[in-house]
Amino acid sequence: MTPELGFSDIHVRLGDKPVLEGVSADLHPGQVTAIVGPNGAGKSTLLACLAGLRRPDMGLARLNGVGVLELAARERGRRIGFLPQSHEIAWSVEARTLVGLGRIPFAGSWGLSVEDEAAVERAMTKADVTQFATRTVTTLSGGELARVLIARALAGDPQWLLADEPLAGLDPGHQLDAAALFRALADEGKGVVVTLHDLPMAMKLADRVIVLADGKILADGPPVEALAPPILSAAYGVEARFAEGGHGPLIEIVGRHG
Amino acid sequence: MTLKQPLGQLYAGLGIAVAVLFVASLFAGKVWVPWSAFTDRADPRWPIIFDLRLPRAILGVAVGAALGASGAAMQGYTRNPLASPDVLGVSSMASLFAVLTLYFNLAEASAWVLPTAAMLGAMTGVVLLLVLAGATSSIVTFILAGAILQIITAAGVSLALSLAPNPWAVQEIVSWIHGALADRSIDEVRFALPFILTGLVLLMTQTRTFDALTLGDIGARSLGIDVNRSRLFLVVGVGLAVGASTAVTGMIGFVGLVTPHLLRPFVASRPGALILPSAIGGAAIVLAADILVRVIPTATEVKLNVAMAAIGGPFFLALLIRLRRRIA
């Protein structure tokens, strides 16, 4: 059973600037939760708090009721997979080696076991990157690297996957592939949290959308409610409207408020 | 990992190289000894082999391993291919501390004073470097931080030389600064070996961290790596290994920079897989360079550090040209 991931009353300041001002929610496994909001709204900071990578100034992120920072680092690494926004890779390792890094929370001092290798293969198949296995990362395109990094996050088979802008830099086809991958993870009963800039994608992909603006939660609910035009107007300063598409409602951004 | 097979060949190749060079370093020098001298204690060349060359060869292996592994560890931790104890001022910090003990005449009080100071100096160097460079892995900040350390230590050493209380102190400092393996005895080996080994073991425990840091600081921490703890291991490990090496041989440059570079292609760029090969490779390079300085026909032996610089300078240049091409 995948445990619940929750956070309550999280406050974070960066220097003088308050980034998060008391945000709370309980996230459920089996769902894709999208965190959206304008630039600087605190999406990445919130995700880092959930992953135990940042200590909030106040408040707590909990996995199954236990503070994520109280978990042993390695245990946390096994249970929460984190996909950072940055695609910076320090050394030009092979794609398979990079995916193998996802097994580090499991590996012993002597490298990867047979099980680890099998998990790496599975993750590469899932993310459709087996054809890049022996290519060094410097020879991959941005989109190819993004997919290899998704495989890296899947290699640890985490209970929760927290992905910061995972679809940025992917072409529409691979965006849909990645979205389908997140969907499948949620359907397996795992927890998936993604930050997104692409509101139509949030509409399509997410079961639940949390709208952050100015460090506060402006809306939290199913996409049709959380992404309603008045909320987008308040969060982004844009005029939006729902349009009827063949596969459910679509968001259309009409223009910027004057 | 999938790299097991080639890694085995790499270790075998490096191991053979060290073994051959080790034996060669017992034979080679101003006096070439024949095999018979090894077995006959009465032979006048026997002490040359066992009192002079054997400690020298063992030290060469130990110091080379310390510098090679420290270079690989620093490059892995900082994600910076230009990091190494000598380029970033860690070795020179160790020297400065050691020189100060000579200057203040403290070194005579106990045989432990100078080596301890050198190790503290090396640790101080690593700590200062990490503090100055901050949390970034930017090449620019690291090189700047290293340059600051180099400038400070160079100024400190110059000051010690110019204010030296007597000519003997000057003499002592100068000859100490120029790193060499010549005229070292088994005492130096006994002293340095435990510290170097401890340092190497500490660095070897961090291979997973170096691998994980390929994904950057955040990426590594999300994989359950305690980066702060690893930093402590790096500081103490490099401090012990480089400090103890510098204490017995003075500054020997370029091994720490060059070795990981030469071997990186053989481990498919995995930073964690690079530590042990760099230790063995560093041993081979120092042994080879030390044999070289002995067989070059000069009136007085060329200092090892000078020879290393002669080899390392062009290498650094080649690296620079390659980096420039990559950035351009």
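These remarks concern the structure in this document. (Residues numbered from 1 in each chain as written. Chains lettered and ligands numbered in written order. Predicted model: local features only at pLDDT ≥ 70, side-chain atom pairs only at ≥ 80, totals over all residues.)

Before going further, it helps to examine the overall build of chain B. A tally of helices and strands in chain B yields 14 helices and zero strands. In summary, chain B has a C-alpha radius of gyration of 20 Å against a globular reference of 20 Å for 328 residues, a match within 12%. Along the first, second and third principal axes, the C-alpha set of chain B runs to 65 × 55 × 35 Å. The buried share of chain B, reckoned over its 328 residues, is 49%. Intrachain contacts of chain B at a sequence separation of at least 6 include 79% that bridge at least 24 residues. (Helix = DSSP H or I, 4+ residues; strand = E, 2+ residues; numbered from the N terminus. Rg over C-alpha atoms; globule rule 2.2 N^0.38 Å. Buried ≥ 20, exposed ≤ 12 C-beta atoms within 10 Å, placed from the backbone. Contact = placed C-beta atoms within 7 Å.)

Let's shift gears to the packing of helix α3 (residues 46-78) of chain B against helix α12 (residues 255-263) of chain B. All names here are of chain B. Put simply, α3 and α12 touch, their axes get as near as 7 Å, and they point 70 degrees apart. Relative to α12, α3 is oriented roughly perpendicular. By crossing handedness, the relation of α3 to α12 is classed as right-handed. Here G64, L67, G68, S70, G71, A72 and Q75 of α3 lie close against α12, whose contacting residues are V255, G256, L257, T259 and P260. (Axes fitted to C-alpha atoms, helices over the stretch in contact; angles between N-to-C directions. Parallel < 35°, antiparallel > 145°, perpendicular 65-115°, else oblique. Left-handed = near helix turned anticlockwise from the far one by under 90°.)

Residues and elements named next belong to chain A. With antiparallel pairing, four strands are arranged side by side in an open sheet as β2-β1-β4-β5. With partners counted over all chains shown, the strands left at the sheet margins are β2 (17-27) and β5 (66-67), one partner each. Lying on the sheet, helix α1 (residues 43-50) is in contact with β1 (5-14), β2 and β4 (58-63); it crosses β1 at an angle near 125 degrees. (Pairing = 2+ DSSP bridges.)

This part covers the interface of chain A and chain B. At the junction of the two partners, chain A supplies 26 residues and chain B supplies 23 residues. Listing elements by their share of the side of chain A that touches chain B, those giving two or more residues are α2 (73-79) and α3 (95-100) of chain A. Broken down by element, the side of chain A that touches chain B gets its largest block of residues, five residues, from α2(A).

The tendency in soluble globular proteins is for nonpolar side chains to be buried side by side. Membership of the largest hydrophobic core comes to 181 residues, with the highest contact counts inside it found for L50(A), V148(A), A202(A) and A66(B). With 14 residues, the single largest contributor to this core is α3(B). (Core = buried A, V, L, I, M, F, W, Y, C linked by C-beta atoms within 7 Å.)

Turning to the sheet that holds strand β3 (residues 32-36) of chain A, a few remarks are in order. The strands that make up a sheet are held in pairs by hydrogen bonds between backbone atoms, and each pair lies either parallel or antiparallel. Residues and elements named next belong to chain A. Within the open sheet, the six strands sit side by side as β6-β7-β8-β3-β9-β10. Their pairing is mixed. Looking at which strands have only one partner, the edges of the open sheet turn out to be β6 (80-83) and β10 (216-221). Neighbour to neighbour, the strand axes of the sheet diverge by 15 degrees on average, direction disregarded. With four bridges joining them, β3 and strand β9 (residues 208-213) adopt parallel strand pairing. In the sheet register, T33 faces β9, and the bridge partner there is R208. Sheet contacts for helix α5 (residues 142-155): β6 and β7 (160-164); angle to β6, the most-contacted strand, approximately 165 degrees.

Residues and elements named next belong to chain A. As judged from the eight bridges shared by strand β11 (residues 238-245) and strand β12 (residues 248-256), these two strands associate in the antiparallel manner. Each residue of the ladder has a partner; that of E244, found in β12, is P249. Counted along the chain from β11 to the antiparallel partner β12, the turn is two residues long.

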